[in-house]
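# Examining the three-dimensional arrangement
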Amino acid sequence: MPHTHELFEAASRHIPGGVNSPVRAFKGVGGEPMFFKRGEGARMISESDRSYIDYVGSWGPLILGHANPKVVRAVQETAAQGLSFGTPTVLETRMADKVCDLVPSMEMIRMVNSGTEATMSAIRLARGYTGRDKIVKFEGNFHGHVDSLLVKAGSGALTFGSPSSPGVPASLAEHTLTLTYNDADGVRELFEHMGGQIAGIIVEPVAGNMNCVPPEPGFLETLREVCDAHGSVLIFDEVMTGFRVALGGAQQRYGTTPDLTCLGKVVGGGMPVGAFGGRRAIMEQLSPLGPVYQAGTLAGNPVTMAAGLATLEQIEEPGFHERLENRARELAEGLEERARAHGIAMTTNVVGGMLGIFFTEDEQVTRYHQVVNSNLDRFRLFFHGMLNRGIYLAPAPFEACFLSSAHGDAEIRETLEAADATLAELG
Ligand SMILES: *Cc1c(COP(=O)(O)O)cnc(C)c1O
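First, a word on what this report is: a plain description of the structure on this page. (Residues numbered from 1 in each chain as written. Predicted model: local features only at pLDDT ≥ 70, side-chain atom pairs only at ≥ 80, totals over all residues. Heavy atoms only, no water.)

## What about the site of the ligand?
Worth spelling out the cut-off: Nearness of a residue to a molecule or strand requires only that one of the residue's heavy atoms be within 4 Å of it. Between N or O atoms, a polar contact is any pair within 3.5 Å; within protein, one atom must be a potential hydrogen donor and the other a potential acceptor, and residues adjacent in sequence are included only when both atoms are from side chains. In short, Shrake-Rupley with a 1.4 Å probe defines the accessible areas, and a residue's cover is counted only from the protein chains shown. Three residue categories are used. Nonpolar comprises Ala, Val, Leu, Ile, Met, Phe, Trp, Tyr, Cys and Pro, charged comprises Asp, Glu, Lys and Arg, and polar comprises the others, including Gly.
As a matter of local geometry, the ligand sits amid Ser114, Gly115, Thr116, Phe142, His143, Gly144, Glu204, Asn209, Asp237, Val239, Met240 and Lys265. In the model, an oxygen atom of the ligand is placed 2.8 Å from a nitrogen or oxygen of the glycine 115 main chain. A distance of 2.7 Å is found between an oxygen atom of the ligand and a side-chain nitrogen or oxygen belonging to threonine 116. Contact with the protein chains hides 82% of the accessible area of the ligand, taken as 380 Å² for the molecule alone. Per-class residue counts for the shell around the ligand are three nonpolar, six polar and three charged.

Next comes the structure, spelled out in structure tokens:
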């Protein structure tokens, strides 16, 4: 049986860092990434034939768990008919109708192949529609690896952004303004100064890439208000929250309507996917109807559409999201209880099937600086203690945990037993 270390060495020969996406490396927790070969429901089997309860869910898509039988069957049956045609297919119409039905702010939609493509296209569209260049984003929010969005705050809230990665031109980054998530006053102040230059705001309506941080009451409403007042486009990046925190996404849950929405992850049921859509007047600016160019060879791929539709049809079942959230709350409360028992400062955030675990003295985490200043060493120890006991958490302290509908009583019980033993070691 191959050892993980040998597999990683072999992978690292021709793949930078041995991974095709950096979050898979164990940089945030130390050690080498594990290799998995099979998944079933809430569990994954490693290359060394050990079973783990999975709280990563492929980073969000697998809301029904691994290898959901209806999704797998839809993929198999569709693939047998041909993998791609480069022409319209009826499955694309079905997907568009389904999404626009479930997310009413999306009057039109275009499919792409990743969340990154969705956010990249949405900001191009916002810029094309408004004729403005500036984009507002929030520190700690992640929108894929789009050049314009790989930007950190300048020295003050009202200064221009600077690149957060080599390779992003400073001349592009200066069009991105970075503010503090959940700071409504900061947003108002910026728009008072420069509202007329701002093409749009892009935001994760529930932050899910600085662990899990829900919006404070009034924050999303303020974004809507300033965009209306200044003619800017409000873009909700619901790549993670779409179909996860409610059937209609965060916009339904929090009652704030964006102009454009970006989707990915769940909408592809585990196949590569992204989508963006919104108000008809804006979407009609897109090529071939309008002048804003956007295209994709495999966009709306039939196999992806089939996997996504088979997923959406199952999560439409009444009570699905309520059950998922109750399960996540049960786990969060159980974790907090055990941390208290062992004298460990910990708090959690739960939104739908998303769960954030923070080792901090703070009672509640609502800001990026709290996430960054939480006890990251303790998280690393917790991660490895859980991994040794067969629980696979996201290998980074800034990532949310995901539950699926396949996580049942047995999985929660097993996870809490592992947490109890791990926290006892940390206490
Ligand atoms: C995952 C994610 C993306 C990027 O999606 P990819 O498919 O990985 O390109 C964008 N925005 C958010 C909020 C995400 O969670």
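Resuming the write-up.
## Observations concerning helix 7 (residues 219-230)
Which entries qualify depends on this criterion: Under the DSSP-based scheme used, a helix requires at least four consecutive residues in state H or I and a strand at least two consecutive residues in state E, with every element numbered from the N terminus. Helices are assigned an expected span. That span is 1.5 Å times one less than the residue count. Note on exposure labels: buried denotes an accessible area under 20% of the residue type's maximum, exposed denotes more than 50%, and partly exposed covers the range between, all computed with a 1.4 Å probe on protein chains only.
Relative to the 16 Å expected for twelve residues at 1.5 Å per residue, helix 7 spans 17 Å between its end C-alpha atoms, a close match to the ideal helical length. Regarding helix 7, the residues found buried are Phe219, Leu220, Thr222, Leu223, Arg224, Val226 and Cys227. A positive backbone phi angle near 70 degrees is found at glycine 231, which sits one or two residues after helix 7.

## Topic: the sheet that holds strand 8 (residues 176-180)
In plain terms, the rule: Pairing between two strands requires that DSSP report at least two bridges joining them. For helices, the fitted axis covers only the stretch in contact; all axes are lines through C-alpha atoms, and the angles between them, taken along N-to-C directions, range from 0 to 180 degrees. Throughout, a contact is declared for two residues whenever any of their heavy atoms are within 4.5 Å.
Within the open sheet, the seven strands sit side by side as 4-12-11-10-9-5-8. Their pairing is mixed. Each edge of the open sheet carries a strand with a single partner, namely strand 4 (108-112) and strand 8. Averaged over all adjacent pairs, the angle separating strand axes in this sheet is 20 degrees, with direction ignored. Pairing between strand 9 (residues 198-203) and strand 10 (residues 233-237): four bridges, direction parallel. Bridged to glycine 200 within strand 10 is valine 233. Running at roughly 125 degrees to strand 4, helix 3 (residues 90-102) makes contact with strand 4 and strand 11 (260-264) of the sheet.

## Here we look at the packing of helix 11 (residues 320-341) against helix 14 (residues 409-426)
The axes of two packed helices give the description: the angle between them and the distance between them. This is how the line gets drawn: Orientation categories follow fixed angle ranges, with anything under 35 degrees roughly parallel, anything over 145 roughly antiparallel, 65 to 115 roughly perpendicular, and all other angles oblique. Crossing handedness is read from the near helix: turned anticlockwise from the far helix by less than a right angle, it gives a left-handed crossing, and turned clockwise, a right-handed one.
Where helix 11 meets helix 14, the axes come as close as 10 Å, and the angle between the chain directions of the two elements is 20 degrees. By the angle between their axes, helix 11 is roughly parallel relative to helix 14. The hand of the helix 11/helix 14 crossing is right-handed. Of the residues in helix 14, those in contact with Arg327, Glu330, Leu331, Gly334, Leu335, Arg338 and Ala339 of helix 11 are Asp409, Ile412, Thr415, Leu416, Ala419, Asp420 and Leu423. Looking at the contact of helix 11 with helix 14 residue by residue, the class counts come to seven nonpolar, two polar and five charged.

## Side note on helix 13 (residues 376-388)
The first and last C-alpha atoms of helix 13 sit 18 Å apart over 13 residues, in line with the 18 Å expected at 1.5 Å per residue. Restricting attention to buried positions, one finds in helix 13 the residues Leu376, Phe379, Phe382, Phe383, Gly385, Met386 and Leu387. Among the structural elements, strand 3 (51-54), helix 11, strand 14 (354-358), helix 12 (368-372), strand 15 (391-392) and helix 14 are those in contact with the buried residues of helix 13.

## Structural notes on the packing of aromatic side chains
The test is simple: When two rings of Phe, Tyr or Trp (its six-membered ring) have centres within 6.5 Å they constitute a pair, described as stacked for plane angles under 30 degrees, edge-to-face for angles over 60, and tilted for the intermediate range.
In the structure shown here, the tally under the stated rule is seven aromatic pairs. Note on phenylalanine 36 and tyrosine 52: the rings are 5.5 Å apart at their centroids and 85 degrees apart in plane angle, and the pair reads as edge-to-face. Here the residue phenylalanine 36 occupies a position in strand 1 (residues 36-40), and tyrosine 52 occupies one in strand 3, the gap between them amounting to 16 residues. The exposure class of phenylalanine 36 is partly exposed, given its relative accessible area of 24%. Each ring, one from phenylalanine 138 and one from tyrosine 181, has its centre 6.3 Å from the other, and the planes form 80 degrees; the classification is edge-to-face. Residue phenylalanine 138 is located in strand 5 (residues 134-139), and its partner tyrosine 181 is located in the loop between strand 8 and helix 6 (184-194); the two are separated by 43 residues in the primary sequence. On the accessibility criterion, phenylalanine 138 (0% relative accessible area) is buried. Judged by relative accessible area, tyrosine 181 falls into the buried class, the value being 0%. An aromatic cluster of at least three residues, connected via ring pairs, comprises Phe36, Tyr52 and Tyr392.

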